[in-house]
Structures are given as structure tokens and as C-alpha cells.
Amino acid sequence: MEIPVFTVDAFTNVPFKGNPAAVCLIENELRDDLYQSIAAEMNLSETAFITRRNSMDFSSGARFGLRWFSPKNEVPLCGHATLATAAVLFYLKKNVNPVLVFETLSGELYVRQREESLIMDFPLNKPNPQDQNEIKDLLKAAVGDLPIQDVCYSPTTKKLMVRLADACDRSEFVSLKQEAEALLRNETTGKIKSLIITLKGAESTQSGYDFYSRVFAPWVGVPEDPVTGSAHTVLAGYWSEKLKKKKMLAYQCSSRGGEVKLEIRNDGRLDIIGQAQIILQGTLKI
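For clarity, every value in this text was computed on a predicted model and none was experimentally measured. (Residues numbered from 1 in each chain as written. Predicted model: local features only at pLDDT ≥ 70, side-chain atom pairs only at ≥ 80, totals over all residues. Heavy atoms only, no water.)

Give a detailed account of the overall build of the chain, specifying residues and quantitative values.
Secondary structure summary: the chain contains 6 helices and 18 strands in total. For the chain, the C-alpha radius of gyration of 18 Å lies close to 19 Å, the compact-globule estimate for 286 residues. Here the C-alpha coordinates of the chain stretch approximately 55 × 40 × 30 Å along the principal axes. For the chain, buried positions account for 56% of its 286 residues. Residue pairs in contact within the chain that sit at least 24 positions apart in sequence constitute 64% of those at least 6 positions apart. If you sum the accessible surface of the chain, you get close to 12,800 Å²; carbon and sulfur atoms cover 47% of it. For the chain, the distance from the average position of its 34 positive side-chain charges to the average position of its 35 negative side-chain charges is 2 Å. (Helix = DSSP H or I, 4+ residues; strand = E, 2+ residues; numbered from the N terminus. Rg over C-alpha atoms; globule rule 2.2 N^0.38 Å. Buried < 20%, exposed > 50% of the residue type's maximum accessible area, 1.4 Å probe, protein only. Contact = heavy atoms within 4.5 Å. Areas by Shrake-Rupley, 256 points an atom, 1.4 Å probe, with all protein chains shown as cover. Lys, Arg positive; Asp, Glu negative; His and termini not counted. Charge placed at Lys NZ, Arg CZ, Asp CG, Glu CD.)

Listed below in C-alpha cells is the structure:
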């Protein structure tokens, strides 16, 4: 069996930045253990698998099945790998449709083009306030002695969001050191699959970023996620209310960096906007 495979850097217009995802074009459904083995072999934060839905090929079809696997397990929602998937279909396969529909574990997701960018129509996951005392050891492992302003949790995505106090500056935020083993040791319930640490953008800077974020997910085999769209479904729900804004610009402060535009829609969903670079294509032989 031969499977076309691509590596795509998402949420960037520069190669080797943003968040890399592998994208595989699947003619027929595979066994789950084979999906997982391929994702482990690719060893990126997520590998996306696209299957055709009642269409002749990947260039003319408008509806596809989409699944995402980390090196350890299947994940219910992944933004950067969805962006990468759309980039392969629109840019390489020259898909003729204005909108692509992906059937996923998180329902139907829609992606369209706007000039150089791709726009993903995602669910908005507003997080709920979390009692800090219940997870004080995890918070200590996550941010040390830095002051915390808010802690929220999204049961839908199993993401814990920690907002640092506005008194923290970006240098303190970026210099945070995370030990995956400490996070794993202090969260064993399975309730949390990803930790988001976020900081409000400083109004005195010229960057224009409304907020910054970093994302850690050792529970699914990803020590730090370079840029993640699924985390921004939670961040957008939180920051939109705090900032009283429907349009926001965010920067994920990983070593690779990545820029994400967010627009809250009138129907309660979220447009996540970014660019992508296809940097590698090949064939898996199984």
C-alpha cells in the first residue's frame, strides 16, 4: 500500500515556522492501530488522515472525512492539522470548491480561502471558572511563583487555561520552563489533556497582539505545541468576553512562533484564520 503524505507548517507564511503537521490522503479507511502507527512514525504533534466522501478524487470533492492522531492517541479536535489539510487540498490538489467540509469527531468543520489565508469555521468552546485549590499542585508545576489572574477549564476539549496576572511581562512568560514529568505527576485523572498558559497583550507595544499563549500537552505526547488552533477555540471564548472584542490577533510564543487571527461569528462559532506552507511531500509504503 502506498499513501501520499505531506508535511505542512501551519499558522505561518515562512517555512520552518508555525506548527508542522503531517497530512495523509487515504483512499480507503484503515484500521485504527495503523492510523496510530503512522502517527507515531511521523512523530509530529498531529497527523491528519483525509478520506474521500462520495467524491471521485481529492481535487473535485467538497466533503471529506478527517481524523487526527497524536503520537499516542486519537484527538477529537485539531486546528493546525485541519489548516494543513485544507492547504494540501486547496494549494496542491487545486480543489475547485469554494468551501471544504470535513466530517470529524467534533462535528462538521468548514474551511474556505480568503486571498493568502485559510479560514476555518470551528466551534467556540467557552471555558468555565476552575477552583484553583483543587489543582494547586498542578498550577505550581505549571507556572511556579508567577501570579495567576484566572483559571478556567473546558470540559469539551479537556483543556485547562491559566491566565497570568497582567503584572507579568512577556519575557517572564516566554522564559517559563515546563517539566513534562511534573505536569504528568500532578494530573493523573484524565480530566486534563492540554494546558494553556496565556497573557494579555500589552497596550504599550506596537505588536497589535491582543494576547499571547503557550500550550503544553504531555498527556498526549506533546511537551509543547508550537501553535494550536483547538486551544484558540478556548482562548477566543475567554478573551472575547474579557476584551469585549469579536476580532482578535494572537501570537503563540513557542520556539517556532505562530500568528492566529480570530473572529467571533454572529452564529456563536469561531473563524480561525491563518496561512500555511507545504514543505515536504512523499509516499508512505506499508
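So much for the structure itself; the text now carries on.
Just give me the short version of the side chain of Thr85, but keep the residues and values in it.
Summarising the element assignment, Thr85 is placed in helix α2 (residues 79–92). Judged by its relative accessible area of 0%, Thr85 falls in the buried class. Here Ala81 takes part through its backbone oxygen, which lies 2.7 Å from a polar atom of the side chain of Thr85. Ignoring anything within four residues of it in the chain, the contact list for Thr85 reads Val23, Ala48, Ile50, Leu66 and Phe102. (Polar contact = N/O pair within 3.5 Å; in protein donor to acceptor, adjacent residues only side chain to side chain.)

Could you give an account of the state of the cysteines, with specific residues and numbers?
Going through the model one piece at a time under the given rule, you end up with 0 disulfides. In this structure Cys24 is not part of a disulfide, and its nearest cysteine sulfur, from Cys78, lies 13 Å away. Its relative accessible area of 0% is what places Cys24 among the buried residues. Free of any disulfide, Cys253 has its nearest neighbouring cysteine sulfur in Cys168, separated by 13 Å. Among the residues examined, Cys253 registers a relative accessible area of 5% and is labelled buried. (Disulfide = S-S within 2.5 Å.)

Give a detailed account of the nonpolar core, specifying residues and quantitative values.
Judged by nonpolar contacts, the single largest core of 53 residues is most densely connected at Val8, Phe11, Ile50, Trp68, Met248, Leu262 and Ile272. For this core, the element with the highest residue contribution is α2, accounting for 8 residues. Among all residues touching Ile272, those that are not within four sequence positions of it are Phe11, Leu118, Ile119, Met120, Phe122, Gly229, Thr233, Val260, Lys261 and Leu262. Ala182, Ile197, Leu199 and Phe216 belong to the second largest nonpolar core, which has 27 residues in total. (Core = buried A, V, L, I, M, F, W, Y, C linked by side-chain atoms within 4.5 Å.)

Outline the pattern of salt bridges, listing residues and values.
Within this structure, the stated rule accounts for 21 salt bridges. A salt bridge links Glu263 to Arg114; the shortest N-O distance between them is 3.8 Å. Linking Glu263 in strand β16 (residues 258–264) with Arg114 in strand β7 (residues 107–114), this pair joins segments that are 149 residues apart in sequence. Judged by relative accessible area, which is 18%, Glu263 ranks as buried. Since its relative accessible area comes to 37%, Arg114 is described here as partly exposed. Because the salt bridges share partners, they merge into one network encompassing Arg112, Asp121, Arg265, Asp267, Arg269 and Asp271. (Salt bridge = Lys/Arg side-chain N within 4 Å of Asp/Glu carboxyl O.)

So what's going on with the pairing of strand β1 (residues 2–10)? Residues and values would help.
Note on strand geometry: in a regular strand, side chains alternate between the two faces of the sheet. Across the 9 residues that make up β1, a large majority, 7, are buried. Bridging between β1 and strand β18 (residues 276–285) involves 9 bridges; their strand directions are antiparallel. Its bridge partner lying in β18, Asp9 is registered against Gln277. Examined bridge by bridge, β1 and strand β2 (residues 19–26) share 6 bridges and lie antiparallel to one another. Looking across to β2, one finds that Ala10 is bridged to Asn19. (Pairing = 2+ DSSP bridges.)

Lay out α2 in plain terms, naming residues and giving numbers.
Taking 1.5 Å of rise per residue, 14 residues should cover 20 Å, and α2 covers 19 Å from first to last C-alpha, within 8% of that figure. Among the 14 residues of α2, 12 are classified as buried, and the element is accordingly described as predominantly covered. Those residues of α2 that fall on the buried side of the exposure criterion are Gly79, His80, Ala81, Thr82, Leu83, Ala84, Thr85, Ala86, Ala87, Val88, Leu89 and Phe90. (Expected span 1.5 Å × (residues − 1).)

Account for the packing of aromatic side chains, naming residues and giving values.
For the coordinates displayed, the defined rule picks out 9 aromatic pairs. When the centroid spacing of 5.2 Å and the interplanar angle of 40 degrees are considered together, the rings of Tyr209 and Tyr251 count as tilted. Of this pair, Tyr209 sits in the loop between β12 (194–200) and β13 (211–217) while Tyr251 sits in strand β15 (residues 247–252), placing them 42 residues apart in sequence. Arranged with centres 5.2 Å apart and planes meeting at 85 degrees, the rings of Tyr238 and Trp239 form a pair that is edge-to-face. Trp239 carries the same exposure label as Tyr238, and that label is buried. Members of the aromatic cluster, joined through ring pairs, are Tyr35, Phe49 and Phe69. Above the ring of Tyr153, the side-chain terminus of Lys191 is found at 4.7 Å from the ring centroid. (Phe/Tyr/Trp six-rings, centres within 6.5 Å; stacked < 30°, edge-to-face > 60°. Lys NZ or Arg CZ within 6 Å of the ring centre and 35° of its normal.)

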